[in-house]
Amino acid sequence: ELSAEVHGTWSWVSQLADLNRLHTRNAGDYQAFHHSAYELNAMLNSRASSSSSAIAAIPANGMLGSIKRINTVLTDNLAQFNRLWQLSVDLTQRSRAVVPLHLRFSTDAIPFAGKNVFKFDDGETVLEPGEQVTVIDNSQSYRWTVRRSDGSEVEVPSTCIWLPPADPQAVELAIGLRRKLLNTWSQVLNQLRQWSAEFFDSYLSRMIQNPV
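- You'll find the chain entered in an unreviewed UniProt entry as SH3_10 domain-containing protein, with Macrostomum lignano given as the organism.

1. Some words on the overall build of the chain
Phase 1 of the analysis: For the chain, the count of helices and strands is 3 helices and 7 strands.
Phase 2 of the analysis: Going from the N terminus to the C terminus, the chain shows its helices and strands as α-α-β-β-β-β-β-β-β-α.
Phase 3 of the analysis: Relative to the compact-globule value of 17 Å for 212 residues, the chain shows a C-alpha radius of gyration of 29 Å, a clear excess of over 25%.
Phase 4 of the analysis: Evaluated residue by residue, the chain yields a buried proportion of 30% over its 212 residues.
Phase 5 of the analysis: Long-range contacts, defined as pairs at least 24 residues apart, comprise 68% of the intrachain contacts of the chain with a sequence gap of at least 6.
Phase 6 of the analysis: Across the chain, the 19 positively charged side chains and the 21 negatively charged ones have centroids separated by 17 Å.

2. A few points about the UniProt feature "domain: Desmoplakin SH3" (unreviewed entry) in the chain
Phase 1 of the analysis: In this numbering, the UniProt entry assigns the feature "domain: Desmoplakin SH3" (unreviewed entry) to residues 100–164.
Phase 2 of the analysis: Taken end to end, residues 100–164 is 0% helix and 42% strand, and its two terminal C-alpha atoms sit 7 Å from one another.

3. A look at the pattern of salt bridges
Side-chain pairing between opposite charges can occur once the charged atoms of the two side chains come close.
Phase 1 of the analysis: Within the structure shown, the criterion is met by 6 salt bridges.
Phase 2 of the analysis: With its nearest N and O atoms 3.7 Å apart, the salt bridge here joins Arg94 to Asp90. One end of the pair, Arg94, and the other, Asp90, are both in helix 2 (residues 64–95), 4 residues apart, so they sit about a helical turn from each other.
Phase 3 of the analysis: Across the pair Arg147 and Glu153 runs a salt bridge whose closest N-O atoms are separated by 3.5 Å.
Phase 4 of the analysis: Judged by its relative accessible area of 32%, Arg147 is partly exposed.
Phase 5 of the analysis: Classification of Glu153 as partly exposed rests on a relative accessible area of 48%.

4. Quick word on helix 2
Phase 1 of the analysis: With 32 residues, helix 2 extends 46 Å from end C-alpha to end C-alpha; this agrees with the ideal 46 Å at 1.5 Å per step.
Phase 2 of the analysis: Looking only at helix 2, the buried set comprises Ser66, Ile70, Val73, Asn77, Phe81, Leu84, Ser88, Leu91, Thr92 and Ser95.
Phase 3 of the analysis: Looking at the packing, one finds that the buried side of helix 2 touches helix 1 (2–56) and helix 3 (168–209).

5. Re empty space enclosed by the protein
Phase 1 of the analysis: Scanning the model with the defined rule gives 1 cavity of 30 Å³ or more in all.
Phase 2 of the analysis: Lining of the largest cavity is provided by His23, Asn26, Val99, Leu101, Arg104, Trp162 and Leu163.
Phase 3 of the analysis: Its residues assigned to classes, the lining of the largest cavity comprises 4 nonpolar, 2 polar and 1 charged.
Phase 4 of the analysis: Looking at which domains feed residues into the lining of the largest cavity, each of domain 1 (1–99 + 167–211) and domain 2 (100–164) gives three or more.

6. Overview of the nonpolar core
Phase 1 of the analysis: Core analysis: the largest hydrophobic core is formed by 26 residues, its most contacted members being Phe33, Leu40, Ile55, Ile70, Leu84, Leu91 and Trp195.
Phase 2 of the analysis: When residues of this core are traced back to their parent elements, those giving at least two are helix 1, helix 2 and helix 3.
Phase 3 of the analysis: With 8 residues, helix 3 is the single largest residue contributor to this core.
Phase 4 of the analysis: Among the nonpolar cores identified, the runner-up in size contains 14 residues, and Leu19, Phe112, Leu127 and Val135 belong to it.

7. Overview of the pairing of strand 6 (residues 153–157)
Phase 1 of the analysis: Bridge count for strand 5 (residues 143–147) against strand 6 is 5 bridges, and the pairing is antiparallel. For Trp144, the partnering residue across the bridge sits in strand 6 and is Val156.
Phase 2 of the analysis: Where strand 5 hands over to strand 6, the hairpin turn is made up of 5 residues, of which Gly151 adopts a positive phi near 95°.

Cut-offs applied
Residues numbered from 1 in each chain as written. Predicted model: local features only at pLDDT ≥ 70, side-chain atom pairs only at ≥ 80, totals over all residues. Heavy atoms only, no water. Helix = DSSP H or I, 4+ residues; strand = E, 2+ residues; numbered from the N terminus. Rg over C-alpha atoms; globule rule 2.2 N^0.38 Å. Buried < 20%, exposed > 50% of the residue type's maximum accessible area, 1.4 Å probe, protein only. Contact = heavy atoms within 4.5 Å. Lys, Arg positive; Asp, Glu negative; His and termini not counted. Charge placed at Lys NZ, Arg CZ, Asp CG, Glu CD. UniProt positions renumbered as here; feature names shortened; annotations may be inferred. Salt bridge = Lys/Arg side-chain N within 4 Å of Asp/Glu carboxyl O. Expected span 1.5 Å × (residues − 1). 1 Å grid on protein atoms, 1.4 Å probe; cavity = no way out; pocket = protein on both sides within 12 Å on 5 of 7 lines; lining within 4 Å. Points joined across faces, edges and corners; volume = space filled by probe spheres on them. Nonpolar A, V, L, I, M, F, W, Y, C, P; charged D, E, K, R; others polar. Domains from an automatic or database assignment. Core = buried A, V, L, I, M, F, W, Y, C linked by side-chain atoms within 4.5 Å. Pairing = 2+ DSSP bridges.

Now the structure itself:
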């Protein structure tokens, strides 16, 4: 009897170690995604500010030297925005694999979907691996109440429940940043168009006034 108890305990400890690795990996991916989103947002803000300053610093005076400078600004912006676009595409793809980790610590989002990872058997309750459940109470950090597909409600260790992707907040964040990138690029182009109009107005005025 004692050896059976010891074996059962160590089997559970082994499962906990596997669950810990799973949740740690999910948490790492969650944090890495949001860090990347924060960096992309900061780069977009910086690019918008630097582009606006660079264009404003070049006089639209109809001189060919200004055209060369504005061409450099445009070429640089095109390269930078292409790089930011690739980062945005990568972030959007990653967003679909991010688990909704924030749900584990919020009681406002109840109920939400979950999946049992390992077989859980405490002598009264048995949950099979991969069994789909609905979390209806996560007010306790270590024990959650879940509803099974047959409608029955049971208490299980919260560590056994995995929250499948995608996280709607992560997807929405990635889409929002892509929209911001497009709007920022559009603003840069509009400023360049306005500069070009002023430049050619000055250039044609110079031609008219030139006696040659």
